[in-house]
Each structure stands twice: as C-alpha cells, then as structure tokens.
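# Analysis of the macromolecular model
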Amino acid sequence: MLKKKPEIVFRTLVENMNEAVWMWDKNKETIYANPRFCDILWYSLKEIIWKKSCIFWSNKNIKEVKEIKINNNQKWISTSYEWYLIRKDNKKIPILFSWALLPNGWSIWIMTNLTKLKEKENKEKNSKEQILLNAVMFSTDAIILIWTDLKIKSWNKWSKILFWYKEKYILWKEITNIFYKKDIEILLKDSSIIYKYEIIWRHKNKSKLNFSVTITPIYDEKMVNINSYLLVCRDITNHRKIEKEIELKYQKIREVYNMIWKIKREKDYIFDLIDMFNNYYHDIYSIWDFIVTSIIMLTKVDASVLRTYNKKEKTLEMVSNFWLSDDWQWKKVLKLKNSLLERALYQESPLKILDLTKESKYKTQSLAKRNNLSSLLLIPLKLKGEIIWSLSLYTKPDKKLEIFENEFIIKYSRVIELVMASILKI
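What comes next concerns the included structure. Values in this document were obtained by computation on a predicted structure and should not be read as measured data.

One finds Leu273, Leu306, Leu391, Leu393, Tyr412 and Ile416 to be the most contacted residues of the largest nonpolar core, which totals 33 residues. When contributions to this core are tallied by element, the ones reaching two or more residues are α9 (237-280), α10 (284-299), β15 (375-383), β16 (386-395) and α13 (407-424). Ile416 has contacts with Leu273, Ile291, Leu381 and Leu391, leaving out every residue within four places of it along the chain. In this structure, Ile178, Ile184, Ile194 and Cys233 belong to the second largest nonpolar core, which totals 26 residues.

Here we come to a nonpolar patch on the surface. Among the surface-exposed residues, Ile242, Ile246, Tyr250 and Ile253 lie close enough to one another that they form a single nonpolar patch of about 410 Å² accessible area. Here Tyr250 shows up in helix α9.

Those residues of helix α11 (residues 340-347) that fall on the buried side of the exposure criterion are Leu340, Leu341 and Ala344. Angularly, the buried residues of α11 cover 100° about the axis, an arc narrow enough to put them on a single face. Structurally, α11 contributes buried residues whose contacts are with β12 (315-322), β14 (351-353), β15 and β16. The first or second residue beyond α11 is Glu348, which carries a positive phi of 55°.

Regular strands place side chains that alternate from one sheet face to the opposite one. Judged from the seven bridges that link them, strand β4 (residues 92-101) and strand β5 (residues 107-113) form a sheet pairing that is antiparallel. Each bridged residue has a counterpart across the sheet, and for Trp99 the counterpart in β5 is Trp109. The hairpin turn running from β4 into β5, its antiparallel successor, is five residues long, and Asn104 in that turn takes a positive phi close to 65°.

Pairing is antiparallel in the open sheet, where six strands are placed in the order β13-β12-β11-β16-β15-β14. The outermost strands of the open sheet, each flanked by one partner alone, are β13 (333-335) and β14. Taken over all neighbouring pairs, the strand axes of this sheet differ in orientation by 25° on average, direction set aside. Together, β11 (303-310), β12 and β16 form the strand contacts of α10, whose direction differs from that of β11 by roughly 145°. Along the sheet, α11 contacts β12, β14, β15 and β16; its crossing angle with β15, the most-contacted strand, is approximately 60°.

By the definition in use, this model includes eleven salt bridges. The salt bridge partner of Asp183 is Lys182, with a shortest N-O separation of 3.7 Å. On the basis of relative accessibility, which here comes to 9%, the residue Asp183 falls in the buried class. Its salt-bridge partner being Glu386, residue Lys311 comes within 3.5 Å of it at the nearest N-O pair. Linking Lys311 in the loop between β11 and β12 with Glu386 in strand β16, this pair joins segments that are 75 residues apart in sequence. Note on Lys311: relative accessible area 57%, which makes it exposed. Judged by relative accessible area, Glu386 falls into the partly exposed class, the value being 44%. Three or more residues joined by partner-sharing salt bridges are found here, namely Glu198, Arg240 and Glu243.

Bringing the packing of aromatic side chains into the picture now. Overall, the coordinates contain 14 aromatic pairs when judged by the stated rule. Ring geometry for Trp57 against Trp109: centres 5.8 Å apart, planes inclined by 65°, an arrangement best described as edge-to-face. Of this pair, Trp57 sits in the loop between α3 (45-48) and α4 (59-75) while Trp109 sits in strand β5, and the two are 52 residues apart along the sequence. You'll find Trp57 and Trp109 in the same group, each marked buried.

Parameters and conventions
- Residues numbered from 1 in each chain as written.
- Predicted model: local features only at pLDDT ≥ 70, side-chain atom pairs only at ≥ 80, totals over all residues.
- Heavy atoms only, no water.
- Core = buried A, V, L, I, M, F, W, Y, C linked by side-chain atoms within 4.5 Å.
- Buried < 20%, exposed > 50% of the residue type's maximum accessible area, 1.4 Å probe, protein only.
- Helix = DSSP H or I, 4+ residues; strand = E, 2+ residues; numbered from the N terminus.
- Contact = heavy atoms within 4.5 Å.
- Patch = residues over 30% accessible without salt bridge, like charges linked within 9 Å, V, L, I, M, F, W, Y side chains within 5 Å.
- Areas by Shrake-Rupley, 256 points an atom, 1.4 Å probe, with all protein chains shown as cover.
- Salt bridge = Lys/Arg side-chain N within 4 Å of Asp/Glu carboxyl O.
- Arc of directions from axis to C-beta.
- Pairing = 2+ DSSP bridges.
- Axes fitted to C-alpha atoms, helices over the stretch in contact; angles between N-to-C directions.
- Phe/Tyr/Trp six-rings, centres within 6.5 Å; stacked < 30°, edge-to-face > 60°.

Shape is all these values report; function is a separate question.
Here is the structure:
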C-alpha cells in the first residue's frame, strides 16, 4: 500500500510538520505551502498559490534571496539563513530556514518560526536594558551623554542633584555650560577611556567645585568613528577639603615638632656655650669664634660680627666674624660716636635696619653692597649698664626677616654677656 501511494504519505507528513514548508517553481511562484506556513503568514493556501515569492519577503531579503539562488544554483548547495517574512498585516516575522534545489528549477524552503524565541530574547534584552537604565538614572554619580559637537544628549537624576540643572533646561545645550571648554578639549583629545580626570565645575552661584570625570568614547556600529561620549562625574570637593584639612593638621604637627626641635637646639647651644667657657676659658679667641658661629647656626643669617669696646679710645674693634670677605679688615675699628651702636644704646634695645642703603649712619655701605648684604640686626652687649661688646647680624635680600623677631637671640645675647664677663672677670 505504501509503495503504491508514497506521495500520500509524504503529503501527510509535510502537512503535519511543525515547520513551515514552502515550494516554488522555476519562476519563483508558489506551487505549495503547508498549513504551518499559512498560519505564520495569516494567509490561506488559495491566497498564496501561484503568487510570486518576493511579495512575502522583507525588502531587505528579496535581493539576498536572488543572490543566494544565483550563487548556489551553480554549486547545487543547500544552505540555511535567518531572515524575515511579511505577514498579512505587514508585520515582520523572524524565521530560520533551510532550502534546497529540486529538479526543473524548483526549490523547497523549510522554515521555523522564531517569533516566540525573539520575543523571549527581546524581553530579556529589554529587562537588562531597563536594569541598566535604572542603574544609570539612579546612580549616585552624574552620568552624561554628549554628542561630538559637545551638546548634551542624556542627563540622569544625579546630574540634576549635582549640577542644579533640570533635564529640560540642559538637554541639547553644550557641556561647556558646566565645565570649562579648555578642560573638555583636553578630555576629547584622546580616543581612549580617560579615568578620573579632575576638572573644575562652574556653579550657578559662581563658586567652583572639584569634579572627578571618567570619559568613555562611544563608537558607531562599525567601530570606526566616535559619535558620542559618556561622562561619569563625581563631586570630590569635600574630599579635597578633607585632604587639605588633613594636610593642615600634619603641617601643624610638623610646626610643633620643628618648634620643639628648635627649642631643644637653642637650649643645647646655651649649654654648649657654657661648656666652651668651662673648657676653653683660657682661649678667648676660640670662645669669640664659637659665639659668631653659633649665631650663624641658630639664626641662618648670612654673616655675623663680634666687636669689643675700647673704653679709652671709645672705639669698637672687630675680634671675630663669620662669612665676611677679607676686605672688611680695613673697617676693623669703628668709632662709637655718632654710630648706629650709639643709637641702639640710647634706645636701650637692639637696632633693626631693614635696608642698609637707606641708613646714612651706616659707614660700610659699599662693603655691604659688595657682599650682597641688605639688612642688619645690631645688638649691644652690656654688663652693669656699660657697653662692652656689640653683635652684628647681616642678611641678604632673598632672606626672610624672621631674625628681627627672634626673641631667643636677645636671650642668648644675655648669656653671651655673662660668659664674656666671667672670662674678663668683670
């Protein structure tokens, strides 16, 4: 029975298949379609029979069908593709098909409807996209999408919070309304991702805030040209303030430490001077040299001079100096009368001269200029109310003048007075 009517068995099999079957003649006209194919396209067999196949393909696929027919006719190769059919209501139906050539130029197409599969994929895709969209919209970073012409395309919720602009007022405006153009130009020079570049935001109230920006270039479908940029912005103003506060605290700690070290060093020099007196009281020249050297080390001045007072001649004689050139020797002896030291004695306090070139009573201006010395602190050293020595401290123009406010130097000079008096047994 089966041998006599094999076409009946074949037809029954085809008409009950879950796949759609479509047959053309050599003119690409429909000569057969099974019920499954008719169900996919919402057409009856009567509406399909002898119709040109092209009316059921999407416009994009019509040309592709012709190309594969031409190419594969020569090779007699069957193949499969994923394309679209046009349903009766003009909706595109995704299908996966295999086709094969038959004798006399006929062809047979076996198709699987991918609609449910695509819907499932699209649902999953839309779900993922929605999750991503929600993540972007409610992120605690400002996320901004801009075109290559710098106009803002997208603006999330946190952008509004950080930048104080509602979406409707900022979309399609240039990003330079927020950031400085020079900063944006630097960001866009590179075609790679730039991480955490710090830029300044121009706030509506004219204040400036610090922002960390990561910029990602977005390429077109061919991955050739950049068509937009994604900016992820984070306000780091408070972070920078905290850093500055921490730095200030460390700076204060360092200042305290330096002050403690300075006090210790000053105390050490006092004891060193006393030790010098105890060990070298017989060598007054070494003690004089130690005094001027210790002054240099304690104050960081550029030169120091110690002079003794000759009461009989009423002159001041240089007995030790540090960092002065040899040409000062001809000014080794100075008269007290009408001198700066006389003025210091009269006012009973050290004399501070910030600019030696403007002091008429300073007798060695040319020497000071030659040695690039510009300021002077002159300290009279007295004992029982009478002048016995003087201490001169010089600084160059590039030096700060904290020396003039250094109270320790005055205290140290009192110790020097006592040591010197002990040596001379005054």
